Amino acid sequence: MGFKCFEKEINSIRAGYAKRDEFSPIPNDRVSVFIDTYNRLKNAYVFAVNPSGVQYDGIYTPERDVDFSWDTQFESKTAIYDSFWVAEVKIYFSSLKFPSAKEQKWRIHLRRFRPRGESEVFSWAPIDRNNPSFLGQAGIIIIPCPFSKWL
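In this text the structure is predicted, and so the values were computed from the model without any measurement.

Visitor: Would you take a moment to explain the packing of aromatic side chains for this structure?
Guide: The relation between two aromatic rings is expressed through the spacing of the ring centres and the mutual angle of the planes. The final tally for this structure, using the stated rule, is twelve aromatic pairs. Ring plane angle 45 degrees and centroid distance 5.1 Å describe the contact between Tyr45 and Trp70, whose orientation is recorded as tilted. On the criterion of sequence distance, the pair formed by Tyr45 in strand 3 (residues 44-49) and Trp70 in the loop between strand 5 (65-67) and strand 6 (74-80) is long-range, its members being 25 residues apart. Residue classification places Trp70 among the partly exposed residues on the basis of a relative accessible area of 23%. Among the aromatic residues, those joined into a ring-pair cluster are Tyr45, Phe47, Trp70 and Phe74. When the ring centre of Phe84 is taken as reference, the NZ or CZ atom of Lys4 above it lies at 4.5 Å.

Visitor: Looking at this structure, I do not really get the sheet that holds strand 7 (residues 84-91). What am I missing?
Guide: In a beta sheet, neighbouring strands pair by backbone hydrogen bonds and run either parallel or antiparallel. The three strands lie next to each other as 1-7-6, forming an open sheet whose pairing is antiparallel. Each edge of the open sheet carries a strand with a single partner, namely strand 1 (2-6) and strand 6. Averaged over all pairs of adjacent strands, the angle between strand axes in this sheet comes to 15 degrees, irrespective of strand direction. With seven bridges joining them, strand 6 and strand 7 adopt antiparallel strand pairing. In the strand pairing of strand 7, Ala79 is matched with Val86.

Visitor: How do you make sense of the pattern of salt bridges when you look at a structure like this?
Guide: Where side chains of opposite charge bring their charged atoms close, a pairing between them can arise. In total, this model carries eight salt bridges according to the counting rule given. Close ionic contact of Glu7 with Arg112 constitutes a salt bridge, the shortest N to O distance being 2.9 Å. Pair noted here: Glu7 is in the loop between strand 1 and strand 2 (30-36) and Arg112 is in strand 8 (residues 103-114), with a separation of 105 residues, a long-range link. Accessibility assignment for this pair places Glu7 and Arg112 in one class, buried. Close ionic contact of Asp67 with Arg64 constitutes a salt bridge, the shortest N to O distance being 3.5 Å. Accessibility expressed as a relative area gives 60% for Arg64, which makes it exposed. Three or more residues are tied together by salt bridges with common partners; here these are Glu7, Asp29, Arg112, Arg114, Arg116 and Glu120.

Visitor: Sorry, what's going on with the pairing of strand 7 here?
Guide: Each regular strand shows side chains that alternate between the opposite faces of the sheet. Across five bridges, strand 1 lies against strand 7 in antiparallel orientation. Within strand 7, the residue paired with Gly2 across the bridge is Glu88.

Visitor: Where do I start with the nonpolar core in this structure?
Guide: Side chains of nonpolar character tend, in soluble globular proteins, to be buried together. Counting residues in each nonpolar core, the largest one holds 19 residues, and the members touching the most others are Val31, Phe47, Ile91 and Leu96. Of all the elements in the fold, those that place two or more residues in this core are strand 1, strand 2, strand 3, strand 7 and strand 8. Among residues more than four places away in sequence, those in contact with Ile91 are Met1, Val33, Ile35, Phe47, Phe74 and Leu96. Grouped together as the second largest cluster of nonpolar side chains are seven residues, Ala44, Tyr60, Val66 and Leu135 included.

Visitor: Sorry, what's going on with the layout of surface pockets here?
Guide: Sizing a probe to match a water molecule and rolling it over the atoms shows the empty space that remains. Volume-wise, the largest pocket comes out at about 320 Å³. If you go around the largest pocket, you meet 17 residues; those closest to its centre are Arg30, Phe34, Asp65, Val66 and Arg111. Contributions of two or more residues to the lining of the largest pocket are made by strand 2, strand 3, strand 4 (55-61), strand 5 and strand 8. With four residues, the single largest contributor to the lining of the largest pocket is strand 2. Residues belonging to the lining of the largest pocket are distributed by class as follows: twelve nonpolar, one polar and four charged. In this structure, the second largest pocket is lined by 14 residues; those nearest its centre are Arg111, Val121, Ile127, Asp128 and Arg129. The element that contributes the greatest number of residues to the lining of the second largest pocket is strand 9 (residues 120-123), accounting for three residues.

The rules behind each value
- Residues numbered from 1 in each chain as written.
- Predicted model: local features only at pLDDT ≥ 70, side-chain atom pairs only at ≥ 80, totals over all residues.
- Heavy atoms only, no water.
- Phe/Tyr/Trp six-rings, centres within 6.5 Å; stacked < 30°, edge-to-face > 60°.
- Helix = DSSP H or I, 4+ residues; strand = E, 2+ residues; numbered from the N terminus.
- Buried < 20%, exposed > 50% of the residue type's maximum accessible area, 1.4 Å probe, protein only.
- Lys NZ or Arg CZ within 6 Å of the ring centre and 35° of its normal.
- Pairing = 2+ DSSP bridges.
- Axes fitted to C-alpha atoms, helices over the stretch in contact; angles between N-to-C directions.
- Salt bridge = Lys/Arg side-chain N within 4 Å of Asp/Glu carboxyl O.
- Core = buried A, V, L, I, M, F, W, Y, C linked by side-chain atoms within 4.5 Å.
- Contact = heavy atoms within 4.5 Å.
- 1 Å grid on protein atoms, 1.4 Å probe; cavity = no way out; pocket = protein on both sides within 12 Å on 5 of 7 lines; lining within 4 Å.
- Points joined across faces, edges and corners; volume = space filled by probe spheres on them.
- Nonpolar A, V, L, I, M, F, W, Y, C, P; charged D, E, K, R; others polar.

Rendered as structure tokens:
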């Protein structure tokens, strides 16, 4: 996934350094990918990165929010420019569990968190605060399984 996050005042970006999965006391800008590979609305993998390249990964459940004790392998790269910052997130199929089906139907949220005076959240799929199902509002992607010839 690729993100391009525009910023009028580039110096307002919050991009602290920390160990993986550790959040600083001051919230950082970040982008996140939520993937519900079973399309059951019960949990999702979460992959996130801040502008300094600090990675976060975990499992989202509606009851517990995100459990950051789960870790897997993924790659990310970030860069800050004059009027925007970018992030690329590469997630390996081997990092995910998904059904044995020739066609995959996954739910996905792509989000940007921008903490300023009031925090802003931008999302690829619209999120209605009056709808209690965060995963139910995720976009749907349908992809052919890359391993279907072995199923």
